[in-house]
Amino acid sequence: MAISQARTSPTTSAGIQPPRDTGTSRRALLGGGFALAGSWLLTGCVPAASDPAIPGGSRWPRGSLTDQPIVQKTLRAAPSIIDLGGTLAEAWAYNDTLPGIDLRANPGDLLRLNLDNQLPSPTTIHWHGMPIPNDVDGVPGLTQNPIQPGQQHLYEFTAPQPGTYFFHSHVGVQLDRGLYGPLIVDDPVEPGRYDAEWTVVLDDWLVVDGQTPEDMFRRLNARRPSTTGTQAVQLSSRNEPFFGDAGDIPYPLYLINGAVPTAPVTHQGRPGDRVRLRVINAASDTIFALALGGHRLTVTHTDGHPVKPHTTSALYLGMGERYDLLVTLGDGVFPLVAKPWNKPGHGLALVRTGSGSPPEPPVQLAEFTGQLTQGLDLYPEESSLLPTRPIDARATIELGGQANPYRWVINGAPFGQNQPLEVVDNDRLLLEVVNTTTRAHPVHLHGHTFALDNGLRKDTLLVPPSSTTAVHLDATNPGTWALHCQNEYHTKAGMMLTMRYKGR
Ligand SMILES: [Cu+2]
């Protein structure tokens, strides 16, 4: 089946075309699960990934290259009643869909994305993982003023290197109302060793019975040690990494592609198909373990960067992390399960290649009892290594705080009271991320990717509790950038810092 697509014509006009979406429903958007790579793009010159016009670093051209293909879309952020599969939710969503409209481009395309704010609150959009110019990064009060209700704002930038990205509101905890969507940059020189490609978006869903993320944040913030019990801590088994007491919110629902487990989205395939899963954890407060019953998964990319193929029964995804997986499908009906760390419930989708009955929830998978993979277990492909060069500067950031009282900080103080991390343009920086807390935090740096000691490239890294992780990065994208925990509630509480460029 086809995904809603816009086909536009080349234009030199700076004006915004009216939205060409066709009001696709959640079912229509992802029911078949097949993504049509690049088919909505304009015809014309599509540079190869190795084209010298598309640099390998972060200094991407802003656009308006001759014959530059354009991907143009209006993203209307608005309150919307979404059918999660028999459960109606009062979401805030882009173009009335969950998990958001499907945006695709090729490297070098001009993305011309118009935010139409029909929400009752100011908003912005952040293009998560994309090394794009600072002024289109979508952080309110840092890179732009928030867009007021009834106003529009044009984001225009050149699509960077291929990868699985996503976009979401960067205002408060709006992401947790449903303001997110996948953003895929296809690889024009992709060998195409797969028969189909499915985008899989995981989410923790709060908005039922009038409960809002803003109410939840107020409740968390009102916690006092004397009145609030401590959360049960799930002890790590021998086979599991340990994320501590991660997760403050017991969500009523967990979604895969906008559907509850009792009405799961079904991905159709054929036995023997090699399928690429592009998995995005769009949750606000939930680390998921993901497995496909009866199958092994081969991790091929994380946060868009190729890794040495790593085959596993199941893997963990922190909030904001993306993993591309290759799977060879068996014959039958199989559960794709997203199991929240340290919380009851699960998300479910189905893969159907033959006859059979789907499993009834709750689904228990043997795959979760094996060795589970996390990002720190992966090794980079050669093509994703940072160039070898000496370290010019070192810095440390310290993640601190606790859930009772609810206080999350970086370098001893909440955002606004902590000192920006200063970097010099073109320096190679070694940054030590020290987690002094009892839980894992997915640390996300805007506008850059970093490399672990083993070379693995990431832009969002799940840093385990009471641990230190060194990351290396090249300061090649000037601006003032957000560095924060991708737990939206932690960010709102203050777990954020700016990384600011200064001159030599
Ligand atoms: Cu955090």
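As the structure is a prediction and not an experimental result, all values here were calculated from the model.

Evaluation of the coordinates by the stated rule reveals 11 aromatic pairs. Measuring from ring centre to ring centre gives 4.8 Å for Phe243 and Tyr316, while their planes differ by 85 degrees; the resulting arrangement is edge-to-face. With a gap of 73 residues between them, Phe243 in the loop between α2 (213-221) and β10 (253-256) and Tyr316 in strand β16 (residues 314-317) connect regions that are remote in the sequence. With respect to burial, Phe243 and Tyr316 carry one shared label: buried. On the numbers, 6.1 Å between centres and 85 degrees between planes, the contact of Tyr406 with Trp408 is edge-to-face. One aromatic cluster is present, formed by Tyr94, Trp127, Tyr155, Phe157 and Phe167 through successive ring pairs. If you follow Lys492 out to its NZ or CZ, it ends over the ring of Phe217, 5.1 Å from the centre.

Surrounding the copper ion are the protein donor atoms His441 (ND1), Cys485 (SG) and His490 (ND1), at 2.0 to 2.1 Å. Sequence spacing among the residues donating to the copper ion works out to H-x43-C-x4-H. Accessibility expressed as a relative area gives 1% for His490, which makes it buried.

This next bit is on the pairing of strand β19 (residues 347-352). The buried count for β19 comes to five of six residues, which makes it a mostly enclosed element. Where strand β11 (residues 266-268) and β19 come together, three bridges link them in parallel fashion. When the bridges of β19 are listed, His267 appears paired with Val351. Counting the residues between successive antiparallel strands, the hairpin from strand β18 (residues 333-340) to β19 contains six residues, one of them, Asn342, with a positive phi of roughly 65 degrees.

Here we come to the confidence of the model for the chain. When the pLDDT values of the chain are averaged, the result is 85; 83% of them are 70 or greater. In this model, residues 1-61 is a region of pLDDT below 50 whose contacts with residues beyond four sequence positions or in other chains number 138 contacts. Note on residues 226-239: pLDDT is under 50 here. Beyond four places in sequence and across chains, it has 23 contacts.

This part covers the nonpolar core. Membership of the largest hydrophobic core comes to 83 residues, with the highest contact counts inside it found for Leu202, Ile287, Leu290, Leu325, Leu431 and Tyr489. A per-element tally of this core places strand β13 (residues 288-292) first, with five residues. A domain split of this core shows at least three residues from each of domain 2 (197-206 + 249-381) and domain 3 (385-502). What Leu290 contacts, discounting residues up to four positions off in sequence, is Leu202, Val279, Leu297, Ser313, Ala314, Leu315, Leu317, Leu325, Leu336, Val337, Ala338 and Phe368. Val71, Leu103, Leu111 and Leu113 belong to the second-largest nonpolar core, a separate cluster that totals 26 residues.

For the structure on display, the rule yields 26 salt bridges. The salt bridge involving Arg112 is made with Glu156; its shortest N-O contact spans 2.7 Å. Within this pair, whereas Arg112 is found in strand β4 (residues 110-117), its partner Glu156 is found in strand β6 (residues 152-158), the two being separated by 44 residues in sequence. Glu156 gets classed as partly exposed once you look at its relative accessible area, which sits at 22%. As a salt-bridge pair, Asp324 and Arg276 come within 2.8 Å of each other at their nearest N and O atoms. Placement of the pair is Asp324 in strand β17 (residues 322-328) and Arg276 in strand β12 (residues 274-281), with a sequence separation of 48 residues. Here the residues in one salt-bridge network are Asp102, Arg104, Asp186, Glu197, Arg276, Arg278 and Asp324, joined through shared partners.

We now examine the sheet that holds strand β9 (residues 196-205). Pairing in this open sheet of six strands is mixed, and the strands run β10-β9-β12-β17-β14-β15 from one edge to the other. Each edge of the sheet is formed by a strand with only one pairing partner; in this case those strands are β10 and β15 (305-312). Within this sheet the neighbouring strands show an average axis-to-axis angle of 25 degrees, counted without direction. Of the strand pairs in this sheet, β9 and β10 are connected by four bridges, and their pairing is antiparallel. Bridging across to β10, Asp203 finds its partner in Leu255.

This part covers unusual backbone geometry. A cis amide bond links Leu98 to the next residue, Pro99, at an omega of 10 degrees. Relative to the elements of secondary structure, Pro99 occurs in the loop between β2 (88-94) and β3 (103-105). Here the bond from Asn404 into Pro405 is cis, since omega is -10 degrees, no more than 30 degrees from zero. Structurally, Pro405 is set in the loop between β21 (393-402) and β22 (407-410). Its identity is not glycine, yet Asp96 carries a phi of approximately 60 degrees, on the positive side. Counting through the fold element by element, Asp96 comes out in the loop between β2 and β3. In this structure Asp96 comes out as partly exposed when scored by relative accessible area, which is 34%. Positive phi, close to 65 degrees, is recorded for Asn342, a residue that is not glycine. By relative accessible area, Asn342 is classed as buried at 15%.

Definitions and cut-offs
- Residues numbered from 1 in each chain as written.
- Predicted model: local features only at pLDDT ≥ 70, side-chain atom pairs only at ≥ 80, totals over all residues.
- Heavy atoms only, no water.
- Phe/Tyr/Trp six-rings, centres within 6.5 Å; stacked < 30°, edge-to-face > 60°.
- Helix = DSSP H or I, 4+ residues; strand = E, 2+ residues; numbered from the N terminus.
- Buried < 20%, exposed > 50% of the residue type's maximum accessible area, 1.4 Å probe, protein only.
- Lys NZ or Arg CZ within 6 Å of the ring centre and 35° of its normal.
- Donors = N, O, S within 2.8 Å, 3.2 Å for Na, K, Ca; no water.
- Pairing = 2+ DSSP bridges.
- pLDDT = per-residue confidence, 0-100.
- Contact = heavy atoms within 4.5 Å.
- Core = buried A, V, L, I, M, F, W, Y, C linked by side-chain atoms within 4.5 Å.
- Domains from an automatic or database assignment.
- Salt bridge = Lys/Arg side-chain N within 4 Å of Asp/Glu carboxyl O.
- Axes fitted to C-alpha atoms, helices over the stretch in contact; angles between N-to-C directions.

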